[in-house]
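# Inside the fold
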Amino acid sequence: MLPKEHGSWAVFLAPILTAFAAAGAVGLPGILFLIGSLGAFLLRVPLQSLITGNRSKRTFRWIMMDLGLIVLGFIPLLSTYGRWA
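For the structure given in this document, a descriptive report is provided here.

Thresholds applied
Residues numbered from 1 in each chain as written. Predicted model: local features only at pLDDT ≥ 70, side-chain atom pairs only at ≥ 80, totals over all residues. Heavy atoms only, no water. Helix = DSSP H or I, 4+ residues; strand = E, 2+ residues; numbered from the N terminus. Contact = heavy atoms within 4.5 Å. Patch = residues over 30% accessible without salt bridge, like charges linked within 9 Å, V, L, I, M, F, W, Y side chains within 5 Å. Areas by Shrake-Rupley, 256 points an atom, 1.4 Å probe, with all protein chains shown as cover. Salt bridge = Lys/Arg side-chain N within 4 Å of Asp/Glu carboxyl O. Axes fitted to C-alpha atoms, helices over the stretch in contact; angles between N-to-C directions. Parallel < 35°, antiparallel > 145°, perpendicular 65-115°, else oblique. Left-handed = near helix turned anticlockwise from the far one by under 90°. Nonpolar A, V, L, I, M, F, W, Y, C, P; charged D, E, K, R; others polar. Core = buried A, V, L, I, M, F, W, Y, C linked by side-chain atoms within 4.5 Å. Buried < 20%, exposed > 50% of the residue type's maximum accessible area, 1.4 Å probe, protein only. Phe/Tyr/Trp six-rings, centres within 6.5 Å; stacked < 30°, edge-to-face > 60°. Expected span 1.5 Å × (residues − 1).

A few words now on the side chain of Ser37. The residue Ser37 is located in helix α2 (residues 28-51) in this model. Those residues in contact with Ser37 that sit more than four places away from it in its chain are Phe12, Ile16 and Phe74.

What follows is the structure, encoded as structure tokens:
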């Protein structure tokens, strides 16, 4: 249930790592953004599997784990830091 194309990982990670390098330091908001973004990135493959008809427990388990990453990263970022944009 992980993306197998190495280019998709590069497209996901390169802008975030470039932003971290440009900022010079990685704080808690950056880590929370990375966690939430990783969850959203990883959610694509299980959702595609669900849409194509694979409704196994494994698919739903991956969806729940990825949604957990999204909540773990973005809810504190939005509520504590007020980073809405």
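A contiguous nonpolar patch, built from Val26, Leu28, Ile31 and Tyr81 and spanning about 330 Å² of accessible area, is present on the exposed surface. Mapping Leu28 onto the fold places it in helix α2.

Contact pair α2 / helix α3 (residues 57-79): the axes reach a minimum separation of 7 Å and the direction vectors enclose 155°. With respect to their mutual orientation, α2 and α3 come out roughly antiparallel. The element α2 and its partner α3 pack so that their crossing is left-handed. Along the lines of polarity and charge, the residues of the contact of α2 with α3 split into 20 nonpolar, six polar and one charged.

Counting five residues, the largest nonpolar core consists of Phe12, Ile16, Phe20, Phe41 and Leu42. Elements with a contribution of two residues or more to this core: α1 (6-23) and α2. In terms of residue count, α1 provides more of this core than any other element does, three residues in total.

Under the defined criterion, the tally for this structure stands at three aromatic pairs. Ring centres of Phe12 and Phe41 lie 4.7 Å apart, and the angle between their planes is 10°; on these two criteria the pair is classed as stacked. Of the two residues, Phe12 sits in helix α1 while Phe41 sits in helix α2, which places them 29 residues apart along the sequence. When its relative accessible area of 11% is taken as the criterion, Phe12 is described as buried. Judged by its relative accessible area of 13%, Phe41 is buried. In textbook terms, an aromatic cluster arises when at least three aromatic residues are bridged by ring pairs, as seen for Trp9, Phe12 and Phe41.

The next thing to look at is the side chain of Thr59. Within the secondary structure layout, Thr59 lies in helix α3. For Thr59, the residues in contact, after removing those within four places along its chain, are Met1, Pro46, Ser49, Leu50 and Asn54.

All right, on to α3 then. With 23 residues, α3 ought to run about 33 Å at 1.5 Å a step, and its terminal C-alpha atoms sit 32 Å apart, in line with that. What α3 keeps buried is the set Thr59, Ile63, Asp66, Ile70, Gly73 and Leu77. Elements that come into contact with the buried residues of α3 comprise α2.

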